[in-house]
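If you want the building blocks of each chain, they are given just below.
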Amino acid sequence: MAAIDGAEVAKHNSKKSCWVVLHSKVYDVTSFLSKHPGGAAIILKQAGSDATEEFEKYHPLDYINDLPDGSPLGPIDPNTLGKLRARKDQTSASASSANEENEIPHVSMCVSCPDFEKAAKVVLPLKSYVYASTSANSGLSLRANLDDWGRINFRPRVMRNVGDVDTRRSIFGHSSPYPFYISPMGTLGAIHPGAEPEVVRGAVRKGIHAVISTASSKQVDQIWQRFEDEQKTLGNASPTRLFYQYYMPVDRKRAIDLMHIVKKCGYKGLWITVDTPVLGKRTADRVLQAEEALAVGIAEEGTVEWETGEENAFAPAMGGRVVSGQLSPHTTWEDLQWIRKEWGGPIVLKGIQCAEDAKLAYEYGVDGILLSNHGGRQLHTAPSALMTLLEIRTYCPEVIGKLEIFLDGGLRDGSDVLKALCLGATAVGVGRPFMYALAAYGSQGVERCVDVLAEELSTGMRLLGVTSLDQLIPEMVNASRLLNEMWRPEGAVLKSRL
Ligand code: HEM
Ligand SMILES: Cc1cc2nc3c(=O)[nH]c(=O)nc-3n(C[C@H](O)[C@H](O)[C@H](O)COP(=O)(O)O)c2cc1C
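Procedures and definitions
Residues numbered from 1 in each chain as written. Chains lettered and ligands numbered in written order. Predicted model: local features only at pLDDT ≥ 70, side-chain atom pairs only at ≥ 80, totals over all residues. Helix = DSSP H or I, 4+ residues; strand = E, 2+ residues; numbered from the N terminus. Rg over C-alpha atoms; globule rule 2.2 N^0.38 Å. Buried ≥ 20, exposed ≤ 12 C-beta atoms within 10 Å, placed from the backbone. Contact = placed C-beta atoms within 7 Å. Near = placed C-beta within 6 Å. Nonpolar A, V, L, I, M, F, W, Y, C, P; charged D, E, K, R; others polar. Domains from an automatic or database assignment. Pairing = 2+ DSSP bridges. Expected span 1.5 Å × (residues − 1). Bend = angle between axes of the 7 residues up to and from the residue. pLDDT = per-residue confidence, 0-100. Core = buried A, V, L, I, M, F, W, Y, C linked by C-beta atoms within 7 Å. Axes fitted to C-alpha atoms, helices over the stretch in contact; angles between N-to-C directions.

Caption draft 1: How the structure looks around the overall build of the protein. The helix and strand inventory of the protein stands at 17 helices and 15 strands. The C-alpha atoms of the protein give a radius of gyration of 23 Å, which matches the 23 Å a tight globule of 498 residues would have. Overall size of the protein, expressed as C-alpha extent along the three principal axes, is 75 × 50 × 45 Å. Taking all 498 residues of the protein together, 49% fall into the buried category. Sequence-distant contacts in the protein: of pairs separated by 6 or more residues, those separated by 24 or more amount to 78%.

See below:
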């Protein structure tokens, strides 16, 4: 194929004819515009230019293969790159380029989790900040997540020898120095150029476990490779293990193939996200996307082709569109049977939000449940993980001790982790604080965030009067306020039917 001149590419910069360069090849994406799950506006902004940098922030390389037949036009003539259309993107400021008025604080100034958010706000483009911070509808689920940790109080014991504390906890037999891990978050390329591998680097250096998202910017095997490389530099001494968050692809073959790749890499558990049959309404993203569309001269598309089908083959969108998602809305409990057969390792259901489903999870033989409302990004006014844990303690206590129980959502202080453990949890997941730390400081920020949480945790243990996590018992917390508001079944008996 003859090389294409940059000046020719630059001419195709509209909805009528839209060409972009991706990794030195020219693609005609005109017919793809209306099918792009991220919306047409985002690609139109790149029309006639080299879209590689923008593409890589959001997508693994192999997404290019999903462009329609006929899209690839040929290689770009490397001597004519200067003739491509200049892009008017917001580019991410980096820690070193943040200007003086908006100077990013030194990492040591981050002494508690909210400090990372302030620093991230300085460096992140608005779009990325909105993506990280957004929540569903009017934001009440996120608010409750944040607030409920403060609505449980400790009942400390004093005059105990708390000179040395042991903060270790195992997840499925894999020891971690702390009872918290990094929650799966998609599209980290929009947050930091190092994306998921940069998070892995920080995790490995601190020895904590991390769950990797299906919607990652980098491919699952690339992330694994980085994990192995990082382990090697530390003489394979880090206890960190990676687990995989699974949005089940609609297509069964694709679903099984993905699971096999994950297994072959060596991920230690499959965390199936079950709270996302459709994407929640991400209000702030919606507003931003409408603005972006108007800026390139198109009113936000309303219903595009891929929305009208009841399923689509892509991952849940980064932004706020109504994407039914890679997780089929038709998934049921019965699917666990074939998943278990294909996977063969520990399975956690991520997104359990009531006692009935906790009981079913146990009956269906999963190994763990993650009480979560997706960081307040899915159902409007969904219960916080703590509220769900209290329901489980009250109505199906038999699952405690049989299943590994994880919580996430709104955790912003290491000592709050102790409350969940007092009430029977195995460990707690932390999301946004790590994302903000990554944005501002890369893997160094991730490490700092671990240190901040770890210090709060060990101080909390000493002040509570315990030296190991096994000593945490329900009597060490006062959960009366939440218990007062907890849901109660009519007749006080739980009916756990499908
Ligand atoms: C041609 C260059 C491309 C650019 C610059 C681009 C950029 C983007 C951006 C910025 C988003 C986030 C949208 C938002 O939050 O508003 C997005 C979403 C998305 N894009 Fe693309 N994209 C491109 C091509 C593709 C291709 C070839 C595919 C695969 C067929 C694809 C699949 C998706 C999917 C599934 C989403 C929603 C989920 C996610 O954020 O991962 N894109 N894209
Ligand atoms: C920006 C962002 C992206 C996320 N992406 C995913 C994802 O790809 N898969 C998933 O199961 N959960 C995802 N989550 C939810 C997290 O795994 C976790 O449940 C939540 O962030 C915990 O709440 P916190 O952020 O308040 O700690 C995401 C959360 C955020 C904030």
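Caption draft 2: Molecular detail of the site of ligand 2. Of all residues adjacent to ligand 2, which total 24 residues, the nearest are Gly186, Ser213, Gly375, Gly431 and Arg432. Elements supplying a minimum of two residues to the shell around ligand 2: α5 (126-133), β14 (427-430) and α16 (432-464). Per-class residue counts for the shell around ligand 2 are eight nonpolar, 13 polar and three charged.

Caption draft 3: Local environment of the domain arrangement of the protein. By the assigned domains, the protein splits into domain 1 (6-83) and domain 2 (126-277 + 327-489). In this structure, domain 1 and domain 2 have C-alpha centres spaced 37 Å apart. In this complex, domain 1 contributes seven residues to the contact, which on the side of domain 2 involves six residues. Counted by class, the side of domain 1 that touches domain 2 contains three nonpolar, one polar and three charged residues.

Caption draft 4: Structural detail: unusual backbone geometry. Here the phi dihedral of Ser24 falls at roughly 70°; this positive angle occurs in a residue that is not glycine. With respect to the helices, strands and loops of the structure, Ser24 is situated in the loop between β1 (19-22) and β2 (25-28). Notably, Thr381 is not glycine yet its phi reads approximately 50°, a positive angle. With respect to the element layout, Thr381 can be found in the loop between β12 (368-371) and α14 (385-395).

Caption draft 5: Representation of the pairing of strand β10 (residues 270-273) within the structure. Burial along β10 is two-sided: Leu270 and Ile272 and Trp271 and Thr273, pointing in opposite directions, are all buried. Strand direction decides the pairing type here: strand β9 (residues 242-246) and β10, joined by three bridges, are parallel. Bridged to Gln245 within β10 is Trp271. As paired elements, β10 and strand β11 (residues 347-352) share four bridges and run parallel to each other. From the neighbouring strand, Trp271 faces β11, where its bridge partner is Val348.

Caption draft 6: Broad picture of helix α10 (residues 283-295). For α10, which comprises 13 residues, the first-to-last C-alpha distance of 19 Å matches the rise-based estimate of 18 Å (1.5 Å per residue) to within 8%. After α10 finishes, the residue Gly297 shows a positive phi value of roughly 85°.

Caption draft 7: Molecular detail of α16. For α16, which comprises 33 residues, the first-to-last C-alpha distance of 27 Å sits more than 12% below the rise-based estimate of 48 Å (1.5 Å per residue). Bending of α16 peaks at approximately 140° at the position of Tyr441. Among the 33 residues in α16, 25 count as buried, and that is most of the element. Gly465 occupies a position one or two residues after α16 and carries a positive phi of about 95°.

Caption draft 8: Structural context of the confidence of the model for the protein. This prediction gives the protein a mean pLDDT of 90; 90% of its residues lie at or above 70. Segment residues 90-97: pLDDT under 50, and 14 contacts once partners within four positions in sequence are set aside and those in other chains are kept. Within the model, the stretch residues 303-316 combines pLDDT values under 50 with 34 contacts to residues more than four positions away or in other chains. For this predicted complex, the interface score ipTM comes out at 0.86, alongside a pTM of 0.88.

Caption draft 9: How the structure looks around the nonpolar core. Core analysis: the largest hydrophobic core is formed by 132 residues, its most contacted members being Ala210, Ile369, Leu386, Leu389, Ala425, Val428 and Ala440. No other element matches α16, which puts 16 residues into this core. There are two domains that each give this core at least three residues, and those are domain 1 (6-83) and domain 2 (126-277 + 327-489). Look past the residues within four positions of Leu389 in its chain and what remains in contact with it is Leu371, Leu407, Ala420, Leu423, Gly424 and Ala425.

Caption draft 10: Structural view of the sheet that holds β2. Taken in spatial order, the three strands make up an open sheet running β1-β2-β3, and their pairing is antiparallel. Of all strands in the sheet, those bounded by a partner on one side alone are β1 and β3 (72-75). When the angles between neighbouring strand axes are averaged without regard to direction, this sheet yields 25°.

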